[in-house]
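Close look at the chain arrangement
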Amino acid sequence: MKKILVVLFVLSALVFSFAAIPNPDTIIKREIGEPETLDPAYAYDTASGEVIFNIAENLVAYDGEALNKFVPMLSTVVPTVENGYLSEDGLTYTFVIREGVKFHNGNDLTPEDVEYSFERNMLASQFGGPTWMYLEPLTGYQYLEQSVPEFIGVGEWSDLFNEDGTLKEEYRDDMIAFYEEVIDPAVEVNGQEVTFNLQIPYGPFLNVLAHFSAWSVIIDKDWSIEQGAWDGNPDGWWKWHNLRTEDAAFYDYLIGTGPYELVEWDRTQQQVRLKRNDNYWREPAPVENVVLTSITEWPTAKTAFEAGDVDIMTPDQQYMSQLRGREDEGIIVVEGLTTLSTDVIGFIWAINPDSKYIGSGRLDGNGIPTNFFADENVRKGFQHAFSYSAYIENVLEGQAIQPASALPQGLLGYSDDIDKPSFDLNAATNYFRRAFNGQLWNRGFKMTLVYNSGNDSRQAAMEILRDNLAQINPRFQVEVRGVQWPDYVASRRSYTNPTNFFSWLADYPDPHNFISTYYNSDSGYYAAYMGDSYSRFASLPQPEFGGVSLNDYIMMALEETNTQKRAMMYENISKFAVKHAINLPVAQGLARKAYRDWLKGWERNPMQGSSDYFYILSKEE
């Protein structure tokens, strides 16, 4: 009997030991949305990027929390002028590719894989996609839709193609020549080295290539071709350009050299499952499995977190008070983390007439016209109808600041001297009375403001606008509606959302990354979603810029080498954006994280945003 009791005691102790850390071999993270795609040439959202940079890798990585200090990754060197791998004119970067590294399928990493990864992404690029960041320094243009027509001597990209989408035969040789003369020389292999040849000096180039930049990960050339990606030949490359996101080669599956490999992206369960790469070139990851699971509703997420069924998450700031001070329960919260990010409500100046969010589509009291936000009085009315301080204090619990424009504090050109948009219902009323020659005030409007489900802070922001607009004029009727993230992104691309809640985390720590993104209609990621009316506005000569258009002034600021003058130019752009209410910047948030105390090793670089790098994490008592 005594022996049986001892055995039972030991078994009970083992059960208790394992129960203390739920799912000890698996890290479970709560997400609020699924990835949009796993293709590096197309992925430009944080949910997609987080999966990609955990299964594929970059040439260099950030050194801890530093923003401009790097360490080798798949390259064994970080190019500098001092070590001879960066030319003094800043136009040539050379990387020595690490030997002995294998992809998840067992193939060896080679310099040719590096060359293919960048060339393939440039050729496959989607208009508005992330590859502009190295297309710009490598070719002098952000998109092939700009560079190819100029190279060939035609007006528009569409001029090169027949109505059925096939290339006009008379341009075949020109398209081949474009690859051979522009794309191919940009990235060259010489033995174990890969050299990037830039067209213009580009200070943030290493940032563009560094870890957490999903668009710069290295993929397996042979495997990629087998999956139907670009075949590596100059003839026909255009067939892979600007595909629909879901038609791209790596839409739902990707392999890399990273510490984790993809098991499955289960869109029915809204889960991404990863497993440890036991043949990783460094020490294998401490934890065998990772599950990224979408839980949109906060009560459900909170219950799972408290029960230990979720190990780590990024709660909306408004819920952090429910988790603070619970260290004795094993709940760790980290707040006030530095970010280079801005949250902006973007106005769509030319809404898709097929939008289901604009009611009748007319200024008749039952809808809004497609050019609703092209009227500056409407935009200024909205600008003064938002309760900035209430949103920051009540929704974000003070864990944010109000920026004047889309340029965040901490970057060159930011100035506290710029007058920020203010909450002023009287001013809003005056602007709305002037809108559409007074017709808007008398007729009123109906519209739907959309946010991505599960993002409660965005929901709260839209509800603040809804309530304040109704207070200004009862005829201003707004519905606030949540939709799933993939649907939100798709409707953003089709210009069907009257407004979009844009959040931008720096791709690299330079003002151009924000100013161009939000305001340059020729190349800005979010500016491109604002419609043709905005494009015309951004292309007009402006007296504030000495007769230069906003688009041209933004590019002049990028190329300006005098730091003081460059800062002044970005300050001028911010003032212009506020004056014309181009969009509605609401907050520059401070980052946060919540995790269970059995999760060890968590650290963060500001450039990874809310994403996590699971290789550094372990689960232990």
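Residues numbered from 1 in each chain as written. Predicted model: local features only at pLDDT ≥ 70, side-chain atom pairs only at ≥ 80, totals over all residues. Heavy atoms only, no water.

Observations concerning the overall build of the protein
Put simply, the rule reads: Helix and strand definitions follow DSSP, with helices as H or I runs of at least four residues and strands as E runs of at least two, each counted in order from the N terminus. Note on method: radius of gyration uses C-alpha positions; expected globular size equals 2.2 Å times residues raised to 0.38. Relative accessible area decides the class of each residue, using a 1.4 Å probe on protein chains only: under 20% of the type maximum gives buried, over 50% gives exposed, and in between gives partly exposed. What makes two residues a contact is simply this: any of their non-hydrogen atoms within 4.5 Å. Here the open area of atoms and residues is found with the Shrake-Rupley method and a 1.4 Å probe, where only the protein chains shown may cover a residue.
When helices and strands are counted, the protein shows 19 helices and 22 strands. Taken over C-alpha atoms, the radius of gyration comes to 25 Å for the protein, in line with the 25 Å a tight globule of 621 residues would show. With the C-alpha coordinates aligned to their principal axes, the bounding extent of the protein is approximately 90 × 65 × 50 Å. With 621 residues in all, the protein has 59% of them scored as buried. For the protein, the share of sequence-separated contacts (at least 6 apart) that also reach a separation of at least 24 residues comes to 70%. Of the accessible surface of the protein, which amounts to about 24300 Å², a share of 46% is contributed by carbon and sulfur atoms.

Some words on the environment of Gly-365
Examined against the element boundaries, Gly-365 turns out to sit in the loop between strand 12 (341-347) and helix 10 (376-384). Separated by 163 residues in the primary sequence, Gly-365 and Ala-528 have C-alpha atoms spaced 29 Å apart. The contact partners of Gly-365, leaving out residues within four places of it in the chain, are Arg-443, Gly-444, Phe-445 and Lys-446.

Some words on the sheet that holds strand 11 (residues 331-337)
Where we set the bar: Two strands are counted as paired when DSSP detects at least two bridges linking them. Comment: axis = line fitted to C-alpha atoms, over the contacting stretch for helices; angle = value between 0 and 180 degrees taken between N-to-C directions.
In space, the seven strands of this open sheet follow the order 7-8-9-1-10-20-11, with mixed pairing throughout. The outermost strands of the open sheet, each flanked by one partner alone, are strand 7 (260-266) and strand 11. Examined bridge by bridge, strand 11 and strand 20 (residues 591-596) share five bridges and lie antiparallel to one another. Residue Val-334 lies in a different strand from strand 20, and its bridge partner there is Lys-593. Strand contacts of helix 9 (residues 298-307): strand 1 (26-31), strand 10 (312-313), strand 11 and strand 20, with the helix running at about 45° to strand 20, the strand carrying the most contacts.

Quick look at helix 18 (residues 550-559)
The condition is simple: Starting at the helix axis, one direction is taken to each C-beta atom, and the arc is that of these directions.
Those residues of helix 18 that sit buried are Leu-550, Asn-551, Tyr-553, Ile-554, Ala-557 and Leu-558. Projected down its long axis, helix 18 carries its buried residues within an arc of 165°, all on one side. If you follow the buried residues of helix 18, they end up packed against helix 4 (132-139), helix 16 (512-519), helix 17 (532-539), strand 17 (541-542), strand 18 (548-549) and helix 19 (563-579).

Some thoughts on the pairing of strand 9 (residues 289-294)
Of all six residues in strand 9, five are buried, a share of seventy percent or more. Relative to strand 9, strand 1 runs parallel, the two sharing six bridges. Of the residues in strand 9, the one forming a bridge with Thr-26 is Asn-289. Alignment of strand 8 (residues 271-276) against strand 9, held across five bridges, turns out to be antiparallel. Across the sheet, Lys-275 pairs through a bridge with Asn-289, a residue of strand 9.

A closer look at the sheet that holds strand 5 (residues 187-190)
The three strands are arranged 4-6-5 in an open sheet whose pairing can be described as antiparallel. Strands with a single pairing partner mark the edges of an open sheet, and in this sheet they are strand 4 (92-96) and strand 5. Averaged over neighbouring strand pairs, the angle between their axes works out to 20° when direction is ignored. Direction of pairing for strand 5 relative to strand 6 (residues 193-197): antiparallel, over a ladder of four bridges. Pairing of Val-187 across the sheet is with Phe-196, part of strand 6. Running at roughly 170° to strand 5, helix 3 (residues 111-124) makes contact with strand 5 and strand 6 of the sheet.

Section: the domain arrangement of the protein
Frequently, the measure chosen for interface size is the accessible area removed from exposure when the parts meet. As a reminder, the rule being used: What marks off one domain from the next here is an automatic or database domain assignment. The quantity reported as buried area is the accessible area (1.4 Å probe) lost by two parts once they are put together, taken as the sum for both. Polar contact is the term for a pair of N or O atoms within 3.5 Å; when the atoms are in protein, one must be able to donate a hydrogen and the other to accept it, and sequence-neighboring residues count only if both atoms are side-chain atoms.
Domains assigned within the protein are domain 1 (38-246), domain 2 (260-337 + 591-619) and domain 3 (339-589). Relative placement of domain 1 and domain 3: their C-alpha centres are 31 Å apart. Across the contact, 21 residues belong to domain 1 and 18 residues belong to domain 3. By the criterion of area lost to domain 3, the three top residues of domain 1 are Tyr-44, Trp-132 and Gln-142, representing 26% of everything that side buries. Linking domain 1 with domain 3 are five residue pairs in polar contact (both at pLDDT 80 or more). It is helix 4 that provides the largest number of residues to the side of domain 1 that touches domain 3, a total of three residues.

Points about the nonpolar core
Condition: To define a nonpolar core, start from buried Ala, Val, Leu, Ile, Met, Phe, Trp, Tyr and Cys residues and group those joined through side-chain atoms within 4.5 Å.
Judged by nonpolar contacts, the single largest core of 184 residues is most densely connected at Phe-196, Trp-237, Phe-382, Tyr-391 and Tyr-519. Per element, the largest residue contribution to this core is seven residues, and it comes from helix 14 (residues 456-472).

A look at the packing of aromatic side chains
The condition is simple: In this analysis, rings of Phe, Tyr and Trp, with Trp reduced to its six-membered ring, are considered paired at centre separations within 6.5 Å, and the interplanar angle assigns stacked below 30 degrees, edge-to-face beyond 60, and tilted for intermediate values. Two conditions define a charge sitting above a ring: the NZ of Lys or the CZ of Arg must be within 6 Å of the ring centre, and it must be within 35 degrees of the ring normal.
Following the criterion strictly, the structure yields 57 aromatic pairs and no others. An aromatic cluster is defined as three or more aromatic residues linked by ring pairs; in this entry it consists of Tyr-44, Trp-215, Phe-502, Trp-504, Tyr-518, Tyr-519, Tyr-525, Tyr-526 and Tyr-529. The ring of Trp-265 has Arg-267 lying over it, and the distance from NZ or CZ to the ring centre is 4.7 Å. The residue whose ring lies beneath Arg-596 is Phe-305, and the NZ or CZ to ring-centre distance is 5.8 Å.

What about the side chain of Thr-37?
Mapped onto the elements, Thr-37 comes out in the loop between strand 1 and helix 2 (46-55). According to the relative accessible area criterion, Thr-37 is buried, its value standing at 0%. Ignoring sequence-local partners within four residues, the contact set of Thr-37 consists of Tyr-42, Ala-43, Ser-48, Ile-52, Thr-245, Phe-250, Tyr-251 and Trp-265.

Quick notes on the packing of helix 16 against helix 19
Counted only if it meets this: Should an angle fall under 35 degrees it is taken as roughly parallel, and over 145 as roughly antiparallel, whereas 65 to 115 is taken as roughly perpendicular and any remaining angle as oblique. Take the far helix as your reference; a near helix turned counterclockwise from it by less than a right angle gives a left-handed crossing, and one turned clockwise gives a right-handed crossing.
Between helix 16 and helix 19, the shortest axis-to-axis distance is 11 Å and the interhelical angle comes to 30°. Comparing their axes, helix 19 and helix 16 come out roughly parallel. Pair helix 16 / helix 19 crosses with left-handed handedness. Residues His-512, Ile-515 and Tyr-519 of helix 16 pack against Arg-566, Tyr-570, Ile-573 and Ala-577 of helix 19.

Details of empty space enclosed by the protein
Put simply, the rule is: With a 1 Å grid spanning the protein atoms alone, the term cavity applies to any set of points in which a 1.4 Å probe fits but cannot get out, the term pocket to an open set with protein on both sides within 12 Å along at least five of seven lines, and the term lining residue to any residue with an atom within 4 Å of a point. Grid points are joined across faces, edges and corners, and a volume is the space filled by probe spheres set on the points. Residue polarity follows a fixed list, in which Ala, Val, Leu, Ile, Met, Phe, Trp, Tyr, Cys and Pro are nonpolar, Asp, Glu, Lys and Arg are charged, and the others, Gly among them, are polar.
For the coordinates displayed, the defined rule picks out four cavities of 30 Å³ or more. Considering the residues around the second largest cavity, the lining is formed by 13 residues, among which Gly-33, Glu-34, Pro-35, Val-272 and Leu-292 are closest to the centre. Broken down by secondary-structure element, the contributors of at least two residues to the lining of the second largest cavity are helix 2, strand 8 and strand 9. A breakdown of the residues in the lining of the second largest cavity according to their chemical character gives six nonpolar, four polar and three charged. Residue assignment places the lining of the second largest cavity across two domains, with domain 1 (38-246) and domain 2 (260-337 + 591-619) each supplying three or more.

Here's the deal with the environment of Glu-335
Relative to the helices and strands, Glu-335 resides in strand 11. A relative accessible area of 25% places Glu-335 in the partly exposed class. Glu-335 has contacts with Gln-317, Met-320, Arg-324, Gln-399, Ala-591 and Arg-592, leaving out every residue within four places of it along the chain. At a separation of 2.7 Å, a polar atom in the side chain of Glu-335 contacts the side chain of Gln-317. For Glu-335, the side chain forms a polar contact with the side chain of Arg-324, separated by 2.6 Å.

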